[in-house]
Amino acid sequence: MLVLLTIHPDCHTVTMIQLTATPTSALVDEPVHIRATGLPPNQVVVFEASLIDEKGKLFQSRAYYRANEAGEVDLEHASALGGDYVGVHPMGLFWSLKPEKIPNRLMKRDVMNSPFKVQLKLYDSDFIIVNLPVTTPKASLTVERWFTSPGVTRIQVREGRLRGALFLPPGEGPFPGVIDLFGVIGGLVEFRASLLASRGFLSFALAYLDYEDLPSTPKAVDLEYFEEAVNFLLRQPKVLGPGIGIVSVCKGAEIALSMAIHLKQVTATVLINGTNFASSKPQVYHDKIIEPLPEVPQLLSINKYGFLEFYGLVGDPLAEVNQPYLFPVEKAQGQLLFIVGEEDKSLNSKVYAKQATEQLRRNGKDNWTLLSYPGAGHLIEPPYAPLCSFSRLPNNPFFIHWGGEVVLHAAAQEHSWKEIQQFLRKHLISNVTSQL
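Below: a short report on this structure. (Residues numbered from 1 in each chain as written. Predicted model: local features only at pLDDT ≥ 70, side-chain atom pairs only at ≥ 80, totals over all residues. Heavy atoms only, no water.)

## Here's the deal with the overall build of the chain
A tally of helices and strands in the chain yields six helices and 26 strands. What you see for the chain is a C-alpha radius of gyration of 24 Å, in line with the 22 Å of a compact globule of 436 residues. In terms of overall dimensions, the chain has a C-alpha envelope of 85 × 55 × 40 Å along the principal axes. Taken over 436 residues, the chain has a buried fraction of 55%. A fraction of 67% describes how many contacts in the chain between residues 6 or more apart in sequence connect residues 24 or more apart. Total accessible area on the chain is roughly 19100 Å²; 54% of this is exposed by carbon and sulfur atoms. Within the chain, one finds 39 positive and 44 negative side-chain charges whose respective centroids are separated by 2 Å. (Helix = DSSP H or I, 4+ residues; strand = E, 2+ residues; numbered from the N terminus. Rg over C-alpha atoms; globule rule 2.2 N^0.38 Å. Buried < 20%, exposed > 50% of the residue type's maximum accessible area, 1.4 Å probe, protein only. Contact = heavy atoms within 4.5 Å. Areas by Shrake-Rupley, 256 points an atom, 1.4 Å probe, with all protein chains shown as cover. Lys, Arg positive; Asp, Glu negative; His and termini not counted. Charge placed at Lys NZ, Arg CZ, Asp CG, Glu CD.)

Structure, rendered in structure tokens:
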């Protein structure tokens, strides 16, 4: 920790300026209490957070604060005057991190062996924000943000054609089992599965395209592959059973909804900004082919910044001609949790979720919950992750607009993460124990 001694001319007293963060090492979904002391009363200062990701890319955030009469700034109570956000936001320095060079999405790949190291610095406000890189901070420290808690075990999965990674919580179990599915980003994305394991779920980060020997552009979604994944997870000795949960987003949510409809072993499904129909490519299950809802390329939008927006690509989802393509969501036997970002610019997810829940209601079903968040974008992730409003997809030269307003998106992430865990525990643990 860097500290600075200041002498107040009125009383010739020596004060030590200190910057503290509690805890200095924790999981990324845990809040950090940041506080500065020893400042001159009512002085305006600048807080800065920065980290360098695994690719060497720099992310930074900054905010102005005014010390109180005691010379303290406590971010749990103090209101930011300006910078990357305004108002009382104790974790604002974390969720407002933005890339030095746009576009770059902050995503942890090695979840087991290293944390993100966030450097916090405190500056005198006499230096304007653009001059901070050449200014000596009054105080600084480093905070470690981990994606795996001590005792969590990672097991690489290469069984038959299944590819992915299992994350086992510490202890004998049994633990509720959860499959974690991401979207068309492809590869193996592990940061959410490792966090779920850290919270007591035996989680399976499942790859399904563009990873190892999996095709990068499959001609169809083979639901039997995902059925194999469900049965594989249920065979694990430490999985509670008799059912499993799914946490999914985007294309993964489309697949997860179809799994919930076809597989009775799926008893709790979290669907973050997905569709209620097959998109782009057909789904295949045994001898059944589920055709995708036709796309209309002329309806693709390009916003004023030149970013692609796909939410209008299938036209009016309420149109009569599109109704035959909608999933029979009323056939899902398990519980469904729809999570929607109302500022999603990638998918018209608010309309799709409303359409699905109305279909469930018409069929007398009450096995669903809808959480709809104003201002949230497409990429709703665990708490305190910075908003990624646009980025490139692999093998795609264009920028995709994901949408979202920074403050509201951060609030949605914090609230939905708690709701996801409560939903999974209720329907994977409470329902089982109540039957014993």
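## Quick word on unusual backbone geometry
Trans is the common state for peptide bonds, and a negative phi is the common state for residues other than glycine. Residues Thr22 and Pro23 are joined by a peptide bond in cis, for which omega reads -5°. Within the fold, Pro23 resides in the loop between β2 (13-22) and β3 (25-27). A cis geometry characterises the amide bond from Gly173 onward to Pro174, with omega recorded as 5°. Its place among the elements puts Pro174 in the loop between β13 (162-168) and β14 (177-181). Even without a glycine there, the phi angle at Asn273 is positive, about 50°. Mapped onto the fold, Asn273 is located in the loop between β18 (266-272) and β19 (283-285). Classification of Asn273 as buried rests on a relative accessible area of 0%. The phi dihedral of His286 falls on the positive side, at around 55°, and the residue is not glycine. Tracing the chain through its elements places His286 in the loop between β19 and β20 (288-290).

## A closer look at the state of the cysteines
Inspection of the entire model under this criterion finds zero disulfides. Between Cys250, a cysteine without a disulfide, and Cys388, which holds the nearest cysteine sulfur, the sulfur-to-sulfur distance is 12 Å. (Disulfide = S-S within 2.5 Å.)

## Side note on the environment of Val157
Secondary-structure assignment places Val157 in strand β12 (residues 153-159). Assessed through its relative accessible area of 2%, Val157 is described here as buried.

## Description of the nonpolar core
Ranked by size, the top nonpolar core spans 122 residues in total, and within it Phe47, Ile179 and Leu424 carry the most contacts. Setting aside its immediate chain neighbours within four residues, Phe47 contacts Leu19, Ile34, Ala36, Ser61, Arg62, Ala63, Tyr65, Val73, Leu75, Leu93, Lys121 and Leu122. (Core = buried A, V, L, I, M, F, W, Y, C linked by side-chain atoms within 4.5 Å.)

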